[in-house]
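Given next are the chains, with one letter for each unit.
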Amino acid sequence: KANIPTYDYSALLYLNSLGEDFTGGGFEFIDDDANRVVEPRAGRLVTFTSGPENLHRVRKVASGTRYVLAMWFTCSEAHQYEDEDTTSVKQLEKLTLALRQTTMQLS
């Protein structure tokens, strides 16, 4: 919500580990009382709400390469992802419903 208003949740899945594959690159929550660092570790999943209550940053990678899968989720149907296949299925469902209604009216 801080960057993209329609994002409700954020998630990070680490694909490699700090100290083994890279140095630096810690994920840091910025809080009023103290900053809290999440150490990247392969397989670690970090999830948090996407609002201003979870301001964060990534520390600079000093060496190596940090791999992470970043994901964002919305609870809004109006902003849900739709690819061509999904859109085609929805159009087909609407046409099927219209055809059934027309068939019922003719009966």
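Look above for the structure.
Read on for an overview of the structure. Within each chain, residues carry numbers counting from 1 in the order of the written sequence. Per-residue local features of the predicted model are confined to residues with pLDDT of at least 70, and side-chain atom pairs are confined, for both listing and counting, to 80 or more; whole-chain, interface and lining totals are unaffected and use all residues. Side-chain numbers come from the whole structure's heavy atoms, not from hydrogens or water.

## Observations regarding the nonpolar core
No. 1: We define a nonpolar core as any set of buried Ala, Val, Leu, Ile, Met, Phe, Trp, Tyr and Cys residues linked to one another through side-chain atoms lying within 4.5 Å. Whether a residue is buried, partly exposed or exposed follows from its accessible area with a 1.4 Å probe, protein chains only, as a fraction of its type maximum: under 20%, in between, or over 50%, in that order. The biggest cluster of nonpolar side chains holds seven residues, and these are Leu12, Tyr14, Phe27, Phe29, Val38, Val46 and Phe48.
No. 2: Helix and strand labels come from DSSP, where a helix needs a run of H or I of at least four residues and a strand needs a run of E of at least two; each type is numbered from the N terminus. Only strand 1 (9-14), strand 3 (27-30) and strand 5 (45-49) provide two or more residues apiece to this core.
No. 3: Whether two residues touch is decided by their heavy atoms; if any such pair falls within 4.5 Å, the residues are in contact. Setting aside chain neighbours within four positions, we find Phe48 in contact with Tyr9, Ser10, Leu12, Phe27, Phe29, Asn54 and His56.

## A look at the sheet that holds strand 1
No. 1: Pairs of strands are assigned from DSSP output, requiring at least two bridges between the strands. Taken in spatial order, the three strands make up an open sheet running 5-1-8, and their pairing is antiparallel. Each having just a single partner strand, strand 5 and strand 8 (68-73) make up the two edges of the open sheet. Recorded for the sheet is a direction-independent mean angle of 15° between the axes of neighbouring strands.
No. 2: In terms of strand pairing, strand 1 meets strand 8 through six bridges, oriented antiparallel. Pairing of Leu12 across the sheet is with Ala70, part of strand 8. Convention adopted: a line fitted to C-alpha atoms gives each axis, helices being fitted over their contacting stretch, and angles between N-to-C directions are expressed from 0 to 180 degrees.

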